Every structure is written in C-alpha cells, then in structure tokens.
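Listed below are the residues making up each chain.
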Amino acid sequence: MELSKKACSIKSSSTLAISAKSAELKAAGKDMVTFGVGEPDFDTPPHIREAAKKAIDEGHTRYTAAAGTPALRQAVCDKLKEDNGLDYTPAQVIISNGAKHSLMNTFMTILNDGDEVIIPAPYWLSYAEMVKISGGVPVIVHTKKENRFMLTKEELESAYTAKTKAVILTSPSNPTGMVYTMEDLQMIADFAVAHDIFVISDEIYEKLIYDEGKKHISIASLGKEIYDRTIIINGVSKSYAMTGWRIGFAAVPLDIAKIMSSLQSHMTSNPNSIAQEATLAALKGPQDCVAEMCAEFKKRRDYIFEREEAIPMISALKPEGAFYLFVDVSGTYGKAYNGKIIQSAADFATVLLEEKFVAVVPCADFGMPDYIRLSYAASMEMIQKGMDRIEDLVKHLI
C-alpha cells in the first residue's frame, strides 16, 4: 500500500540524527562531547517548577481553550508591550505546543499549494520542511558571510515572484547568531509592504543577545503596515530553559488568529495545561534567571570563539546572540586524518565524531554545506574539552 508522498519526501532532522549517534557512542562507553542540539543545559528556574507543582495540586489538569488560557494569552500581550513596544489583544495570541508548533500552524494557515516562502540561508533546517508539509515551496536565498549573513534588498528582489507569500526572519539567528539591525529590518519591512507579503518573525532567541549596542527589535514595531503583515513566533524554551515544557506562541493579525485557533483545536486541542501555568510564572515572575543564563552564555560565547579563532583552516563570525558558533571548515578540504579524506563539512563532522568523539552539526540541511554548527549551550568544561579535541584533529590533518 502506498504511503503519503508528501510525508515520505520530508527529510529527517540532522540535528536529532547527530544527537542519536552521539548517544549511541556514549552508551558504548565513549567519552562524548556534544555540540549538537540547541538546548540550554540549565535547569528550569525554581519558581517556574514550583508553579507547575502548584498547578497540579490545584487541579489545573483539564482541557483549556484551544488557543491557551486567558491569563497566559494576556501575559503574552503584556510581555510584547513591555519588551517590544507592541500592542496585541489576547484574541491575537495563540499558545501552542512549542514555537515549532506555532510555525507549523502559521504555514498551514497562510499557505496554499504552490505558494512560495523566501528563506534566507543559513536557516534552521525545519523551516523548509514545514513549508513543504504545508503545500508551499521554500525559496532559498544564500546570504553572504561578508554581509553578516543578512538579507540584502537585491537578494530579496531576485527571489520574489508572483507566488511569494512570505519571508522568514530569525533574529538572533540559528545557526549564525547574527542579529538584524534596524536598517536591515526597515529594508525588509519596506519590501514586504511594497509586495504585500507576510513576514514570519521567529524571535525565540530574543533575550539571548550579548554585546553592548546590540538589541532585539521586532519588525512588527516599525509601523502599522508591517505590523499588519507580521506573524511573531516566540516561546519560553530557550530563554527560560524550558525546552521540554513545549510552550510557544504566535502573535498575529486577528483574522489569522481565528483560523489558527480553529486549526489547532482540530489538530492538538490545547497546549499542556500544567505547562501553561508554568509559562505564566516564567513571563510574570522574576527575570533575573534569564539575565544570569545570558551572562553565562556570553562567557561561553567569548571562550569558544577565541578558541576557534586560534585553530587554523577554520573560521567563523563572532555570534551576537543565540548560542551557536557557525564555522566554515572548507579550509580543511582535501586533508585527511587517519586516512579519512575530508571533502565536505559532513565528512569533517563524521571524522570528528568517529575519531575524537565530538558531535557537531554539519550544515548542508541549513543551506550551507561548507559549515558546521557548534552549540555552546553546554558546560564550560565540556566546551573546553571539545575545542581541545577539534584543535588536535585539525592540527594533525595531512
């Protein structure tokens, strides 16, 4: 019996594949270092955990409204006002089972078969697959390192067709860590308004920005015309170390919110009721935990970048946010380690995994086959050990 052609065409996640292989080697007794999945190594802050326990004891264990509890939707509105200068009503907010679910809801709500979505590369690998699942066509635009991997007006204009429905932004970026400036965003906003397309603004890493003078700006704040065309995606997984709690949200125009809520009601019903109460505590409670994690990530960012810069044949831009180092390894091509020749970033990652027991993510699925991604959401001890091994591998290439 033939299975779904659409489902069969979807690629599996290379980040999860790397994590699985790393776990397999670790189970076999290998001393593994993993720079793979982007997951904070911190525990969820105590006051958030306590809110979840209290929610269970108080009986918050039943269905909620499909789009989330009124209290949490209002808390998201308050957050958007305070952090981003944006005015939304609870009816415009959809709470979902993680930011990834919010993205999937978005694509299924706005796309018809054949609609095109402009995706700047490098990009988080799930974007393109989600677009395809939803019947859309991903249009990949390969940005340039000399432009900080930021979209240019010329690149946007070249990618635009009559079928273009949306463009995706991620700031700070996964995998580059780059942050869009006001000038970058204004150019994209003008483009979106001129062509009457949506901007899907993935802001999941907004609170993880490290350098003075750099700040997160939501493109929706640049005027009513772009506000009406912006779909904000966010959540609590990265900033509050709540990856397993699976709560994200979308803030959208009201007509989109109504469709998205209906769609979600049929697909998943409501997000987890207990996790919603925990998220309420995260948004409304003390924020010093976020600042503390951000400060620690900055220390790790500075260290891993300094170590990378001292290693020959590889290069990277210094990340401005998120917790990834995006490394060009094309300088190692044609070299070999223990007879294993490196011809691609995937080869480099394989040799590193098999010979040095260090797991990194090769970025062909991110639209950049000459790069690997290192997540520094790991302890400083683990980062040091991993960079020692990478340095040793590169120095012994022949």
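This is a predicted model, so every value here is computed, not measured.

What follows is about the pairing of strand β8 (residues 248-251). Burial of β8 is two-sided: the residues Gly248 and Ala250 facing one way and the residues Phe249 and Ala251 facing the other way are all buried. Pairing of strand β2 (residues 93-96) with β8 involves four bridges; the strand directions are antiparallel. Its bridge partner being in β8, Ile94 is matched across the sheet by Ala250. Note: strand β7 (residues 230-235) against β8, four bridges, orientation antiparallel. Across the sheet, the residue bridging to Ile233 is Ala250, located in β8.

Moving on, we get to the nonpolar core. Among the nonpolar cores identified, the biggest contains 76 residues, and Phe35, Phe107, Phe323, Leu374 and Ile390 are the most heavily contacted of them. If sequence neighbours within four positions are ignored, Phe323 has contacts with Gly38, Glu39, Pro40, Tyr205, Leu208, Tyr210, Lys238, Phe297, Leu374, Ser375, Tyr376 and Ala377. One finds Val76, Tyr227, Ala282 and Leu283 within the second-largest nonpolar core, a separate group that totals 26 residues.

Taken together, seven strands build an open sheet; the order of strands is β2-β8-β7-β6-β5-β3-β4 and the sheet is mixed. Looking at the sheet topology across the chains shown, the edges are occupied by β2 and β4 (137-142). Each neighbouring strand pair of the sheet contributes to a mean axis angle of 20°, computed without reference to strand direction. Those strands touched by helix α4 (residues 70-84) are β2, β7 and β8, and its axis lies near 115° from that of β2.

Turning next to the pattern of salt bridges. Enumeration over the complete set of coordinates arrives at 31 salt bridges. The partner of Lys5 in a salt bridge is Glu2, and the shortest N-O contact between them spans 3.8 Å. The same class applies to Lys5 as to Glu2, namely exposed. Lys385 is the salt-bridge partner of Asp31, the closest N and O atoms lying 3.3 Å from each other. Placement of the pair is Asp31 in the loop between α2 (14-27) and β1 (33-34) and Lys385 in helix α14 (residues 380-395), with a sequence separation of 354 residues. The exposure class of Asp31 is partly exposed, given its relative accessible area of 42%. Lys385 sits in the partly exposed class, given a relative accessible area of 26%. Each of Asp211, Lys298, Arg301, Asp302 and Lys318 takes part in a single network of salt bridges with overlapping partners.

This part is about the sheet that holds strand β14 (residues 361-362). On the basis of which strands lie adjacent, the open sheet formed by four strands has the order β9-β10-β15-β14 and antiparallel pairing. At either margin of the open sheet sits one strand with a lone partner, and together these are β9 (315-316) and β14. As paired elements, strand β10 (residues 324-328) and strand β15 (residues 371-375) share five bridges and run antiparallel to each other. If you follow Tyr324 over to β15, its bridge partner there is Ser375.

In this structure, Leu156 sits in helix α7 (residues 153-159). With 15 residues separating them in the primary sequence, Leu156 and Val141 have C-alpha atoms 7.8 Å apart. When near neighbours in sequence (up to four residues on either side) are disregarded, Leu156 contacts Ile118, Leu151, Val167, Met187, Ile188 and Phe191.

Turning next to the packing of aromatic side chains. Overall, the coordinates contain eleven aromatic pairs when judged by the stated rule. Between the aromatic rings of Trp124 and Tyr127, the centroid separation amounts to 5.3 Å while the plane-to-plane angle is 90°, which identifies the pairing as edge-to-face. We classify Tyr127 as buried; its relative accessible area is 1%. Ring geometry for Tyr205 against Phe323: centres 5.5 Å apart, planes inclined by 85°, an arrangement best described as edge-to-face. Of this pair, Tyr205 sits in the loop between β6 (198-202) and α9 (224-227) while Phe323 sits in the loop between β9 and β10; the two residues are 118 residues apart in sequence, bridging distant segments of the chain. Among the residues examined, Phe323 registers a relative accessible area of 0% and is labelled buried.

Turning our attention to helix α5 (residues 99-110). Helix length check: α5, at twelve residues, gives a terminal C-alpha distance of 17 Å against a target of 16 Å (1.5 Å per residue), a fit within 8%. Among the twelve residues that make up α5, ten are buried, leaving the element largely enclosed by the rest of the structure. Within α5 the residues assigned to the buried category are Ala99, His101, Ser102, Leu103, Met104, Asn105, Thr106, Phe107, Thr109 and Ile110.

Another aspect to go through is the packing of α4 against helix α11 (residues 273-284). For the pair α4 and α11, interaxial distance at closest approach is 10 Å and the crossing angle is 25°. With respect to each other, α4 and α11 are oriented roughly parallel. With respect to the hand of their crossing, α4 and α11 are arranged in left-handed fashion. Of α11, the residues touching α4 (which contributes Ala71, Leu72, Ala75, Val76 and Asp78) are Gln276, Thr279, Leu280, Leu283 and Lys284. Partitioning the contact of α4 with α11 into residue classes produces six nonpolar, two polar and two charged.

What follows covers the packing of α5 against helix α10 (residues 254-267). Closest axis-to-axis distance for the α5/α10 pair is 9 Å, and the angle between their directions is 115°. On the basis of their axis angle, the class for α5 and α10 is roughly perpendicular. In this structure, α5 meets α10 at a crossing whose hand is right-handed. Contact residues: His101, Asn105, Thr106, Met108, Thr109 and Ile110 in α5; Ile256, Ile259, Met260, Leu263, Gln264 and Met267 in α10. Looking at the contact of α5 with α10 residue by residue, the class counts come to seven nonpolar, five polar and no charged.

Conventions we followed
Residues numbered from 1 in each chain as written. Predicted model: local features only at pLDDT ≥ 70, side-chain atom pairs only at ≥ 80, totals over all residues. Heavy atoms only, no water. Buried < 20%, exposed > 50% of the residue type's maximum accessible area, 1.4 Å probe, protein only. Helix = DSSP H or I, 4+ residues; strand = E, 2+ residues; numbered from the N terminus. Pairing = 2+ DSSP bridges. Core = buried A, V, L, I, M, F, W, Y, C linked by side-chain atoms within 4.5 Å. Contact = heavy atoms within 4.5 Å. Axes fitted to C-alpha atoms, helices over the stretch in contact; angles between N-to-C directions. Salt bridge = Lys/Arg side-chain N within 4 Å of Asp/Glu carboxyl O. Phe/Tyr/Trp six-rings, centres within 6.5 Å; stacked < 30°, edge-to-face > 60°. Expected span 1.5 Å × (residues − 1). Parallel < 35°, antiparallel > 145°, perpendicular 65-115°, else oblique. Left-handed = near helix turned anticlockwise from the far one by under 90°. Nonpolar A, V, L, I, M, F, W, Y, C, P; charged D, E, K, R; others polar.

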